[in-house]
Structures are given as structure tokens and as C-alpha cells.
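# Results of the structural survey
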Amino acid sequence: MPNEPNLLKRQDIDALDKVEAGFRSGPLHDALASAPELERRSDLDRARFDREFRFEKRPVVLEGYAADWPSVREWTFHNLAERCADVPVMVDSYTSKAARKMTFGEFVTLLDESAGDGTSPLYLQEWYYQTIAPQLAPDMPELDIAQYDFRRDLYGEAASTNHQLWIGQRGGITRLHQDSYSVDVMHVQIVGEKLWHIMGPDAELLPGPDGEARWDALCASPDTRLTRFVLRPGDALYLPARWFHRIELLSDSIGLGRKCLDAANLRAHIHQRVGELLALALNPDELRVTHSELFDVVVTRARALADRMNVDLSRLRQ
Ligand SMILES: O=C(O)CCC(=O)C(=O)O
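Residues numbered from 1 in each chain as written. Predicted model: local features only at pLDDT ≥ 70, side-chain atom pairs only at ≥ 80, totals over all residues. Heavy atoms only, no water.

We now examine the site of the ligand. The ligand sits among Tyr 123, Trp 166, Thr 174, His 177, Asp 179, Val 185, His 187, Lys 194, His 245, Ile 247 and Lys 259. Taking Lys 194, its side chain carries an N or O atom lying 2.8 Å from an oxygen atom of the ligand. Against a free-state accessible area of 290 Å², the protein chains account for coverage of 99% of the ligand. Elements with a contribution of two residues or more to the shell around the ligand: strand 7 (173-177), strand 8 (184-191) and strand 12 (244-249). In terms of residue class, the shell around the ligand is built from four nonpolar, four polar and three charged. (Near = heavy atom within 4 Å. Polar contact = N/O pair within 3.5 Å; in protein donor to acceptor, adjacent residues only side chain to side chain. Areas by Shrake-Rupley, 256 points an atom, 1.4 Å probe, with all protein chains shown as cover. Helix = DSSP H or I, 4+ residues; strand = E, 2+ residues; numbered from the N terminus. Nonpolar A, V, L, I, M, F, W, Y, C, P; charged D, E, K, R; others polar.)

Shown next as C-alpha cells:
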């Protein structure tokens, strides 16, 4: 432990298991109930949002901001299943042992059959639906507050519209993490409710004198800025780059995640992207061993980016 001053920023599976265990029992779990609630605002237009939150890098829930979206007004698991019956999806993709392919129709049938049977909740995480189920896109119109997303200028239209749906059963969890590449998170709740715990980018998990992780210190430290809130249908969340977040489904739930690159974070974004590509190009064998869980993800992301940017991987220049 003394050599691991900040478990929160470690990426390996053991460290992530310890972090998750801290959320389930012990001092962190006990303190979470009294964490302050995130500010909720229903009076923000784009200019005010920019001024009071984005330029200040302050998270906020924009209450009811997407309440008139067709998806928020009309979607149910079953009407989605009728519209996407044969679309292939990868369920529980975040848990390598549980990950499995099925059609969206089969996924919804499985949700019905397994509800309340005591098995692990099913979660279709990070579903990039736009290319495979484009019929859903008009139900989730662009947010005007997200127009600052610089990825369109950097990578082109297709690469910038990689929004994801998160569809799962009550009890499903997305573990504490930070999004890569210094992008802001925008998340719209469509169906059901989700509990979010967020922590500032400077959150530190320092060992105490006995060498054990001091979870209680995590709650008390102002740098951590541990905050909680429930996202309800029609709510939109703005979470600035590098904030940690952990999500728990309070009911069966559908949410839309989209990322925004703030031009203010461009330097950090490019640095991380280029760093990752250089590591892949120059050090693949070692990375495969030291980052076995992450390696394939990074390669897949790099391939998707090349594809969306029309990069011919068999050529050096074009
Ligand atoms: O809703 C979830 O389970 C996770 C969402 C998330 O991590 C995101 O939108 O960045």
C-alpha cells in the first residue's frame, strides 16, 4: 500500500475491486449517505450554462432540460425491442467473463425473464447505436449546450457523434472511473433513475499510518468534492473533464451518454491521444503484458477512429 498513494488513479483490476468494495461497505460507504447533493438548475440557457458552469468547470444537473425529447416521452424497453429486435449488441461488456453477444430483442426478453431472480443485473453499457440503429437518433436531438464539442473540428462529423446508450437492470453498476482523453461528460436520463457519485479530479486516497487506505479521509478532503445526486427522466448532467464518476441503477434504466471536448482541454486531449498511439506503435509487446485488460480496448478505439476518419491503415501518407 505505501507505494500506492492514490488507488483511485490506478487502472488495474485489483485496485478497482478495492475501490468498488469501499463503495459497498466501510467508512466510505457510511459517509456517502451524507455527501452533499449536486446543484440542480432549471433556469439555464446556453449562455448562462457556459458562464456559470462550463467556463468554471463546475458540474451541474440541468433539471428537465431534455424533458421534451421523443425518447424521454415515449420510450419503454418493449417498444425499443420492437424497433431494434435484430440489432446485435454486446451485453455486460465491462465484465470480460460475463460479456456476451445477442440481439437487442433477446436482451429485452432476458431482462424480463431474469428480473428479481437474484442473478447479477444485466447491463448493456456504452452501446454505440448510431451506426447500427440509426432509426433511434431523431428521438435524441442534439443538445444546444453541447455545441462547443471541438471533436467535430478535429476528427470530422462522424467521429464526433459517437454517443452511447446505457441500458440496464435495477442494481447495475458502472464502477468509479474517469473518462479518457480529457472530454467532458454529458448524460441525459431517458427512462428510470440512476444514482451518481462524483469526485473532483484531485481526489486522493492516501494511506493512513497503518498503511491501509483512508477512505474516511477521501470523504473529508475538500479536493475530493464527493457529491451525490439522482438523475431522473429528462435531466441532463454536465460533468467537466477528469471528474470521477460511479453510477448505480435505482430502477431499470436507459440513459444517453455523449462526450464533449472543450477547446480549453485541447492540449491535454492531443497529448493523451498521441501518447497512446505512440505507445501502441512503439511498445506494443510490453503494453500487452502490463495493460492486458486495456490493450484491446485501446486498439479497438484506435481502429474505430481510423475508420471514422477514413484513414487507410495500409498507407503511411494520403
Ligand atoms: O450510466 C452509466 O452507467 C455510466 C455513464 C458514464 O460513465 C458516462 O456517461 O460517462
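A few words on the pattern of salt bridges. Throughout the structure, instances matching the rule amount to 24 salt bridges. The shortest N-O distance in the salt bridge between Glu 20 and Arg 246 comes to 2.6 Å. Placement of Glu 20 in helix 1 (residues 13-24) and of Arg 246 in strand 12 is noted, with a sequence separation of 226 residues between them. Using a relative accessible area of 4% as the deciding quantity, one classes Glu 20 as buried. Owing to a relative accessible area of 3%, Arg 246 belongs among the buried residues under this scheme. A salt bridge links Glu 52 to Arg 48; its shortest N-O distance comes to 3.1 Å. Taken together, the residues Glu 52 and Arg 48, both in helix 3 (residues 46-54) and four residues apart, mark about one turn of the helix. Ionic contacts of the salt-bridge type, sharing partners, join the residues Glu 39, Arg 41, Asp 43, Arg 48, Glu 52 and Arg 58 into one network. (Salt bridge = Lys/Arg side-chain N within 4 Å of Asp/Glu carboxyl O. Buried < 20%, exposed > 50% of the residue type's maximum accessible area, 1.4 Å probe, protein only.)

Strand pairing within a sheet occurs via backbone hydrogen bonds; the two strands may be parallel or antiparallel. Overall, antiparallel pairing links the four strands, which are arranged 7-12-9-10 in an open sheet. A strand with exactly one partner marks an edge of an open sheet, and here the two such strands are strand 7 and strand 10 (227-231). Between one strand and the next, the sheet's axes are offset by a mean angle of 20 degrees, whatever the strand orientation. With five bridges connecting them, strand 9 (residues 194-199) and strand 10 associate as antiparallel partners. Across the sheet, residue Leu 195 finds its bridge partner in strand 10, namely Val 230. (Pairing = 2+ DSSP bridges. Axes fitted to C-alpha atoms, helices over the stretch in contact; angles between N-to-C directions.)

For the pair helix 11 (residues 266-282) and helix 13 (residues 292-308), interaxial distance at closest approach is 11 Å and the crossing angle is 110 degrees. When the axis of helix 11 is compared with that of helix 13, the two are roughly perpendicular. Classified by chirality, the crossing of helix 13 by helix 11 is left-handed. Of the residues in helix 13, those in contact with Arg 273, Glu 276, Leu 277 and Leu 280 of helix 11 are Phe 295, Val 298, Val 299, Ala 302 and Leu 305. Considered class by class, the residues forming the contact of helix 11 with helix 13 number seven nonpolar, no polar and two charged. (Parallel < 35°, antiparallel > 145°, perpendicular 65-115°, else oblique. Left-handed = near helix turned anticlockwise from the far one by under 90°. Contact = heavy atoms within 4.5 Å.)

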